[in-house]
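The residues making up each chain are set out below.
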Amino acid sequence: NIPEDQAREAAALISVTHHDSALENPYAHIKIKVSIEDAKNAPIITYPVRLLDVCPTSDGACAVVLASEEKAKKICKKPAWIKGVGFRGEEFFLGESNKSIWPSATEAAQHAYQQAGIKNPLKELDVAEVYNPFTYQEMIFYECFGFCPRGKSPDYVLKGTFSMAGALPCDPSGGVLCTNPIGASGLIRLAEAARQVTGKAGARQVEGAKLALSHAMGGIDQFNGVTIVGAKL
């Protein structure tokens, strides 16, 4: 069991971190400076979730070009290479389950890791773009993806593990929490991951990023896809 005050503090820190990151992203929708107190005292949406824990509804689009190895080398000087892909869906409505984590998210990540040869995602990944419409949900995905042990995500957040200066920066774009053009939000995670490993992320660039995770979620939270992209073939 995670103490409520610890989870609340971690959620507030996630909100502050991503809103700060969005200020460096020219494509971000919500660009506001947020403090820990702002996040903790924002209007309640449904307890304990508050307004600054929740994504907006945005307008926007995204496109990526997929090509064979031969074509990619001809049309692009520095492609992002797909190293692993995993997709899974639940066969039950998550709201009626007693599970506190997403089996589909966990299994999708494990499949992608297996293809990419990743054994320790926290150490081997350089950056992650997690589909994060809600701060609390983001922490659950950290655990699903093996970034930290189950039940320990607030500890890792509060230690700064997933901040820009941490061991595994997550959502340096500001993520879905700050920009949510529904239908494109998942693909944007892949585009942002590709920008990171090709060194094209501008002010939100994670220095030396060579291997990245991107995550998309859909349906009524029951579909999850994880893609690993790298700077090297």
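This text goes with the structure placed above it.
Anyway, here's the lowdown on the structure attached to this text.

Reading the values: rules and limits
Residues numbered from 1 in each chain as written. Predicted model: local features only at pLDDT ≥ 70, side-chain atom pairs only at ≥ 80, totals over all residues. Heavy atoms only, no water. Helix = DSSP H or I, 4+ residues; strand = E, 2+ residues; numbered from the N terminus. Contact = heavy atoms within 4.5 Å. Buried < 20%, exposed > 50% of the residue type's maximum accessible area, 1.4 Å probe, protein only. Pairing = 2+ DSSP bridges. Patch = residues over 30% accessible without salt bridge, like charges linked within 9 Å, V, L, I, M, F, W, Y side chains within 5 Å. Areas by Shrake-Rupley, 256 points an atom, 1.4 Å probe, with all protein chains shown as cover. Salt bridge = Lys/Arg side-chain N within 4 Å of Asp/Glu carboxyl O. Lys, Arg positive; Asp, Glu negative; His and termini not counted. Charge placed at Lys NZ, Arg CZ, Asp CG, Glu CD. Axes fitted to C-alpha atoms, helices over the stretch in contact; angles between N-to-C directions. Parallel < 35°, antiparallel > 145°, perpendicular 65-115°, else oblique. Nonpolar A, V, L, I, M, F, W, Y, C, P; charged D, E, K, R; others polar. 1 Å grid on protein atoms, 1.4 Å probe; cavity = no way out; pocket = protein on both sides within 12 Å on 5 of 7 lines; lining within 4 Å. Points joined across faces, edges and corners; volume = space filled by probe spheres on them.

Residue placement: Leu-158 occurs in helix H7 (residues 153-158). Spatially, the C-alpha atoms of Leu-158 and Leu-13 are 7.3 Å apart, while their sequence positions differ by 145 residues. Not counting residues up to four positions away in its chain, the partners in contact with Leu-158 are Gln-6, Glu-9, Ala-10 and Leu-13.

This brings us to the pairing of strand S6 (residues 223-230). S6 sits mainly inside the fold: seven of its eight residues count as buried. Where strand S3 (residues 81-89) lies against S6, eight bridges are found, and the strand directions are antiparallel. Bridging across to S6, Gly-84 finds its partner in Ile-228. The antiparallel hairpin formed by strand S5 (residues 211-218) and S6 contains four residues in its connecting segment, where Gly-219 sits at a positive phi of about 65°.

Together, Lys-78, Lys-200, Lys-210 and Lys-232 make up a region of like positive charge exposed at the surface. Along the chain, the position of Lys-78 falls in the loop between helix H3 (69-75) and S3. We classify Lys-78 as partly exposed; its relative accessible area is 40%.

Packed helices, taken two at a time, are described by the angle their axes make and the gap between the axes. In contact at an axis separation of 9 Å, helix H1 (residues 4-22) and helix H6 (residues 135-144) are set at 100° when each is read in the N-to-C sense. One way to sum up the angle between H1 and H6 is to call them roughly perpendicular. Where H1 approaches H6, its residues Ala-7, Arg-8, Ala-10, Ala-11, Ile-14, Ser-15 and His-18 are matched on the opposing element by Thr-135, Tyr-136, Glu-138, Met-139 and Tyr-142. For the contact of H1 with H6, a count of residues per class yields seven nonpolar, three polar and two charged.

Quick look at the side chain of Ser-185 now. Inspection of the secondary structure puts Ser-185 in helix H9 (residues 185-197). Ignoring any residue separated from it by four or fewer positions in sequence, one finds Ser-185 in contact with Tyr-131, Val-176, Thr-179 and Asn-180.

Volume-wise, the largest pocket comes out at about 590 Å³. As for the largest pocket, its lining consists of 24 residues, and the residues nearest its centre are Val-65, Leu-66, Pro-79, Ala-80 and Ala-194. Among the secondary structure elements, those contributing two or more residues to the lining of the largest pocket are H3, S3 and H9. Of the residues that constitute the lining of the largest pocket, the class distribution is 17 nonpolar, two polar and five charged.

Before going further, it helps to spend a moment on the pattern of salt bridges. This structure, assessed with the given rule, holds eight salt bridges. A salt bridge links Glu-9 to Lys-40, with the shortest nitrogen-to-oxygen separation between them at 2.8 Å. Taken together, the residues Glu-9 in helix H1 and Lys-40 in helix H2 (residues 36-41) connect sequence positions 31 residues apart. Here Glu-9 falls in the partly exposed class, since its relative accessible area comes to 29%. Since its relative accessible area comes to 23%, Lys-40 is described here as partly exposed. With its nearest N and O atoms 3.0 Å apart, the salt bridge here joins Glu-192 to Arg-204. Highlighted residues: Glu-192 in helix H9 and Arg-204 in the loop between H9 and S5, separated in sequence by twelve residues.

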